Amino acid sequence: MGIKNKMRSFIIFTLSIITGCTTLPPSTPHYPDDQSLVGQCSKAYALITTSIAKANVSDAEAHPIDGYNYLRSNRFLASLNDKLVDENSISAWLDKLILLDQQAKTIEIKNLPSASRRSLEINIANNLKDDWSIEKIINDCPSQLKKHDLSKSEYLNNIILNANVPAEYSFFKRSIGLYPLTSIPVYFGYQQWIKQNIFTFKNPEKTINSIDNPVVYTPDSLLTLSASDIAVIIKQSRDTVFGIPLFNQTQYEQLARHFAPNFLIDESNDTDKIGHPVWSSTDMPSLDTTRAVSFVRLEYTWFKESILPQLVYTIWFPERPKQSNWDILGGVLDGIMWRVTIANDGTPLIADSIHPCGCYHLFFPSNDIIKNTDSLKQGTLSEGIETPQILPEYSTADRLTLFIASKTHYLSSLSIEEKINDGWKKRSYELIVNNKTPDMSLRSMPLVSGDFKSLYDTEGIVRGTERAERWLLWPMGIKSPGAMRQWGKHATAFVGRRHFDDPFLLDQAFIRKSK
């Protein structure tokens with residue numbers, strides 16, 4: 001029996017003693033269908049969930065727990081299963097699942113068309129107590145439903161088992177697409193891309209000096225902290241249950257500004273300008289390049305039995321322009337996602353990068369980190385952990401600079417601020433940091449009609465950004481390869497399996513150098 005199964009058995013045994021209940025977990029919870037508070041809350045959530053589904057405004061970022069309309073999970077929270085050893089840790093874990101759902105529900109309610117929201121409000125008034133509102137239900141009911149489910153060990157076990165997030169790979173597509181055969185040319189195509197593009201990292205100064213139209217985007221609000229200051233913030237912010245660094249808004253903004261990179265872009269035309277996604281008058285995704293921004297989100301990863309914070313910076317371009325009629329990679333919207341994993345000593349441990357499609361995953365370990373070759377050995381073809389450049393060492397007076405190529409928007413090299421040519425054009429970009437609800441301004445964007453709509457559809461895809469490559473790469477099992485997608489939906493390897501938000505990815509792929 002594995003460790004996780006043993007832990008789950010322990011939890012069920014412990015709670016069974018408390019509740020006296022030893023029945024098998026049902027597929028869905030059985031809340032009372034009466035006028036009790038739990039019964040009314042269950043009915044209220046059913047009304048809200050049905051309304052959201054009918055309006056087709058479900059938010060795909062977090063994974064809904066089947067049968068428990070007040071809970072959602074993600075890969076990091078699912079990784080805490082082994083830490084659920086007592087009532088205190090279980091309760092704290094459920095609170096985090098509740099928070100994810102509250103964030104999503106708030107977005108979904110905001111994105112309801114006006115008519116759908118009015119209909120929902122009427123249904124609530126007709127079916128529930130007179131003073132109940134949508135906001136009251138989302139804020140007050142979770143604690144009641146949680147209390148009910150904690151009293152039933154079979155319900156809790158069901159939640160734990162269903163908290164695991166499904167992979168972004170379709171076994172069915174891989175099966176009918178003859179994946180063992182079709183993955184071979186895709187793998188060698190990937191190797192060819194590596195040969196044609198990674199060489200730019202070998203000589204950063206030469207690469208950067210070859211830029212034709214250099215424009216440097218710098219954060220509009222700079223801040224520098226010492227490594228010791230950052231270490232103190234991380235240590236003091238850790239919760240006492242799981243050891244997760246839970247930054248307040250001030251700490252979050254301080255760290256976001258400190259680690260925010262410069263973006264050095266070869267800006268040959270308007271498609272190389274960064275901006276804020278908006279809905280056009282035809283309800284198609286577009287980009288407002290008059291507002292240069294980087295969206296920042298806080299995430300977490302495991303590394304050598306410690307939970308480390310990660311800052312993810314995302315910039316968007318209007319499009320990746322097609323270079324010919326046969327270009328299968330071009331299309332509306334493009335971008336760069338840059339992630340920094342912060343060590344307990346306050347220094348950057350590892351950085352990595354993808355495009356919002358999940359493509360072109362590159363890793364940049366610090367000097368004392370190397371690839372774990374043992375964990376990377378696989379018997380079948382799979383995309384490797386590409387480390388084209390060591391993360392440059394820089395002091396608190398320096399700022400990391402990312403060079404981004406024109407048109408393709410490939411990340412092509414890393415340097416530090418002191419090597420920037422003073423003659424280059426300089427622009428500032430705004431950091432959008434929302435500690436309450438990550439990517440709120442993307443998950444609920446205003447329409448011309450006055451309503452709101454997420455940039456992402458109910459499956460986490462940005463409709464209208466589909467690439468022609470999907471017709472060739474669908475046998476790899478990824479939904480709409482090349483399309484821009486939401487956090488939690490980034491499969492980053494066509495051959496093999498890898499998720500950008502896998503909390504064990506870095507822990508498995510890298511180790512510290514022996515001293």
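Refer to the structure above for everything that follows.
Structure report, in brief. (Residues numbered from 1 in each chain as written. Predicted model: local features only at pLDDT ≥ 70, side-chain atom pairs only at ≥ 80, totals over all residues. Heavy atoms only, no water.)

Digging into the overall build of the chain
Of regular secondary structure, the chain possesses 16 helices and 18 strands. Taken over C-alpha atoms, the radius of gyration comes to 24 Å for the chain, in line with the 24 Å a tight globule of 515 residues would show. Dimensions of the chain, computed from C-alpha atoms along their principal axes, come out at roughly 70 × 60 × 50 Å. Considering only contacts within the chain whose residues lie at least 6 apart along the sequence, 71% involve residues at least 24 apart. Surface accessibility of the chain: about 22,900 Å² in total, with carbon and sulfur atoms responsible for 53%. Distance between charge centres in the chain, computed from 55 positive and 57 negative side chains, equals 3 Å. (Helix = DSSP H or I, 4+ residues; strand = E, 2+ residues; numbered from the N terminus. Rg over C-alpha atoms; globule rule 2.2 N^0.38 Å. Contact = heavy atoms within 4.5 Å. Areas by Shrake-Rupley, 256 points an atom, 1.4 Å probe, with all protein chains shown as cover. Lys, Arg positive; Asp, Glu negative; His and termini not counted. Charge placed at Lys NZ, Arg CZ, Asp CG, Glu CD.)

Describing the packing of helix 2 (residues 37-55) against helix 4 (residues 87-111)
Here helix 2 crosses helix 4 at 55 degrees, and the two axes come no closer than 10 Å. Between helix 2 and helix 4, the angle is such that the two are oblique. Relative to helix 4, the crossing made by helix 2 is left-handed. Mapping the contact onto sequence places Tyr45, Ile48, Thr49 and Ile52 in helix 2 and Asp101, Lys105, Glu108 and Ile109 in helix 4. Class assignment of the residues belonging to the contact of helix 2 with helix 4 gives a composition of four nonpolar, one polar and three charged. (Axes fitted to C-alpha atoms, helices over the stretch in contact; angles between N-to-C directions. Parallel < 35°, antiparallel > 145°, perpendicular 65-115°, else oblique. Left-handed = near helix turned anticlockwise from the far one by under 90°. Nonpolar A, V, L, I, M, F, W, Y, C, P; charged D, E, K, R; others polar.)

As for the state of the cysteines
One pass over the full model with this rule turns up two disulfides. Across the disulfide, Cys357 is cross-linked to Cys359 (sulfur-sulfur distance 2.4 Å). As far as burial versus exposure is concerned, Cys357 and Cys359 are alike and both buried. Ordering the disulfide-forming cysteines of the chain by sequence position, one finds them joined as 1-2, 3-4. (Disulfide = S-S within 2.5 Å. Buried < 20%, exposed > 50% of the residue type's maximum accessible area, 1.4 Å probe, protein only.)

Quick word on unusual backbone geometry
Phi angles above zero are rare outside glycine, and Asp283 is one such case at about 60 degrees. Although it is not a glycine, Ser480 adopts a positive phi angle of roughly 45 degrees. Positionally, Ser480 belongs in the loop between helix 15 (470-473) and helix 16 (505-509).

Overview of the sheet that holds strand 9 (residues 331-342)
By way of backbone hydrogen bonds, the strands of a sheet pair with one another, either parallel or antiparallel. The ten strands are arranged 11-10-9-8-7-15-3-4-13-14 in an open sheet whose pairing can be described as mixed. The sheet is open, and its two borders are formed by strand 11 (362-365) and strand 14 (411-416), each paired with just one other strand. Strand-to-strand twist across the sheet, computed as the mean angle between neighbouring axes with direction ignored, equals 25 degrees. In this sheet, strand 15 (residues 425-433) lies alongside strand 3 (residues 214-219) in parallel orientation, the contact comprising five bridges. Looking across to strand 15, one finds that Thr218 is bridged to Ser428. (Pairing = 2+ DSSP bridges.)

Let's talk about the pattern of salt bridges
In the structure shown here, the tally under the stated rule is 25 salt bridges. Arg291 is the partner of Glu430 in a salt bridge, and the nearest nitrogen-oxygen pair spans 3.1 Å. Taken together, the positions of Glu430 in strand 15 and Arg291 in the loop between strand 6 (285-288) and strand 7 (293-303) put the pair 139 residues apart, joining distant regions of the chain. Put simply, Arg339 and Asp352 hold a salt bridge, and the shortest N to O gap is 2.6 Å. You can see Arg339 sitting in strand 9 and its partner Asp352 sitting in strand 10 (residues 348-354), a full 13 residues away along the chain. (Salt bridge = Lys/Arg side-chain N within 4 Å of Asp/Glu carboxyl O.)

Examining helix 4
Spanning 25 residues, helix 4 covers 36 Å between terminal C-alpha atoms, matching the ideal 36 Å at 1.5 Å per step. By the N-cap criterion, in which a side-chain oxygen at the helix start approaches the backbone nitrogen of a residue two or three places on, helix 4 is capped by Asp86, the distance to Asn88 being 3.2 Å. (Expected span 1.5 Å × (residues − 1). Polar contact = N/O pair within 3.5 Å; in protein donor to acceptor, adjacent residues only side chain to side chain.)

Quick word on the environment of Pro180
Along the chain, Pro180 turns up in helix 9 (residues 179-197). Residue classification places Pro180 among the exposed positions, given a relative accessible area of 60%. Taking the C-alpha atoms as reference, Pro180 lies 9.6 Å from Pro475; in sequence the two are 295 residues apart.

A closer look at the environment of Arg174
When you line up the elements, Arg174 lands in helix 8 (residues 171-176). Classification of Arg174 as buried rests on a relative accessible area of 13%. Residues Arg174 and Asp457, 283 residues apart in the sequence, show an inter-C-alpha distance of 23 Å. Apart from the residues lying within four places of it in its own chain, the contact partners of Arg174 are Tyr169, Tyr179, Pro475, Met476, Gly477, Phe494, Gly496 and Arg497.

Examining helix 7 (residues 153-162)
An α-helix turns once every 3.6 residues. As a result, residues three or four positions apart point the same way. Within helix 7, eight of the ten residues are buried, which leaves the element mostly enclosed by the surrounding structure. All of the buried residues along helix 7 are Ser153, Glu154, Tyr155, Leu156, Asn157, Asn158, Ile159 and Ile160.

Section: the packing of aromatic side chains
Inspection of every chain in the model, using the stated rule, returns ten aromatic pairs. Ring geometry for Tyr187 versus Phe188: centroids 5.4 Å apart, planes at 80 degrees, classification edge-to-face. On the basis of relative accessibility, which here comes to 16%, the residue Tyr187 falls in the buried class. For Phe188, a relative accessible area of 51% corresponds to the exposed category. Both rings, one in Tyr360 and one in Tyr410, keep their centres 4.9 Å apart while their planes meet at 70 degrees; by these two values the pair is edge-to-face. Here Tyr360, found in the loop between strand 10 and strand 11, pairs with Tyr410, found in the loop between strand 13 (400-404) and strand 14; they are 50 residues apart in sequence, far enough to count as distant. Above the ring of Phe500, the side-chain terminus of Arg339 is found at 3.7 Å from the ring centroid. Here Lys453 stacks its cationic end above the ring of Trp279, 4.5 Å away from the centre of that ring. (Phe/Tyr/Trp six-rings, centres within 6.5 Å; stacked < 30°, edge-to-face > 60°. Lys NZ or Arg CZ within 6 Å of the ring centre and 35° of its normal.)

Points about the pairing of strand 8 (residues 306-320)
Of all 15 residues in strand 8, 13 are buried; the element is thus mostly enclosed. Direction of pairing for strand 7 relative to strand 8: antiparallel, over a ladder of nine bridges. Note that in strand 8 the partner of Glu299 across the bridge is Gln310. Here strand 7 folds back onto strand 8 in antiparallel fashion, the turn holding two residues, of which Lys304 has a positive phi close to 50 degrees. Where strand 8 meets strand 9, ten bridges bridge the pair, whose relative direction is antiparallel. Note on strand 9: the bridge partner recorded for Phe317 is Asp334.

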